[in-house]
Amino acid sequence: MNVICQYCGNLAIYTDSACIYGRSYGMVYYCKDCNAWVGVHKGTDKPLGILANAELRDWKIKAHASFDPLWKSGKMKRHRAYKWLAEQLGKPRNETHIGMFCVEDCKRVVEVCSGCKI
Ligand SMILES: [Zn+2]
């Protein structure tokens, strides 16, 4: 599969994640110039989302840290929590995956989750 790096527009290389992490966690699409990468769905060459650089990786961690407790605490079922998040962000449910989000989306996640009183 051809995966384009959204930061520089070059073709990302399909490589083992060992060249990033030092040990293998499976295959990734990797752009060396941007230090950006994305994993693949297990057993396929389908990327999990868009390539993430250091800034986006950081925001995804923050987004997960804000959002995951909503359903991990058991207050909300996981699918309910995602449905709620989709509504907050005005996105279709099937596009509501933090793995697919850009920096702006992740910032919105942190914002809406910090205001969530459930
Ligand atoms: Zn790039």
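Predicted, not measured: the structure shown is a model, and the values here were computed from it.

Q: What exactly am I supposed to notice about the environment of Ala 54 here?
A: Structurally, the position occupied by Ala 54 is in helix α2 (residues 54-72). Taking the C-alpha atoms as reference points, Ala 54 and Cys 34, 20 residues apart in sequence, are found 8.8 Å from one another.

Q: Explanation requested: the side chain of Thr 96 in the structure shown.
A: Summarising the element assignment, Thr 96 is placed in the loop between α3 (78-89) and α4 (103-114). In terms of polar contacts, Thr 96 uses its side chain to reach the backbone carbonyl oxygen of Pro 92, at 2.9 Å. Apart from residues no more than four positions distant in its own chain, Thr 96 is found in contact with Tyr 82, Leu 85, Ala 86, Lys 91 and Phe 101.

Q: Mind showing me how you'd approach the coordination of the zinc ion here?
A: Geometry sets the ideal angles at a metal, namely 109.5 degrees for four tetrahedral donors and 90 or 180 degrees for six octahedral donors. Those donors, Cys 5 (SG), Cys 8 (SG), Cys 31 (SG) and Cys 34 (SG), are the protein atoms that reach the zinc ion, and they lie 2.3 Å from it. Around the zinc ion sit four donor atoms; with metal-centred angles ranging over 107 to 113°, the donor geometry is tetrahedral. Look at where the donors of the zinc ion fall in the sequence and you get C-x2-C-x22-C-x2-C. Taken together, the residues Cys 8 in the segment before β1 (13-16) and Cys 34 in the loop between β2 (27-31) and β3 (36-39) connect sequence positions 26 residues apart. Exposure remark for Cys 8: the relative accessible area of 35% places this residue in the partly exposed category.

Scoring rules and cut-offs
Residues numbered from 1 in each chain as written. Predicted model: local features only at pLDDT ≥ 70, side-chain atom pairs only at ≥ 80, totals over all residues. Heavy atoms only, no water. Helix = DSSP H or I, 4+ residues; strand = E, 2+ residues; numbered from the N terminus. Polar contact = N/O pair within 3.5 Å; in protein donor to acceptor, adjacent residues only side chain to side chain. Contact = heavy atoms within 4.5 Å. Donors = N, O, S within 2.8 Å, 3.2 Å for Na, K, Ca; no water. Tetrahedral: all angles 85-135°; square planar, octahedral: opposite > 155°, others 65-115°. Buried < 20%, exposed > 50% of the residue type's maximum accessible area, 1.4 Å probe, protein only.

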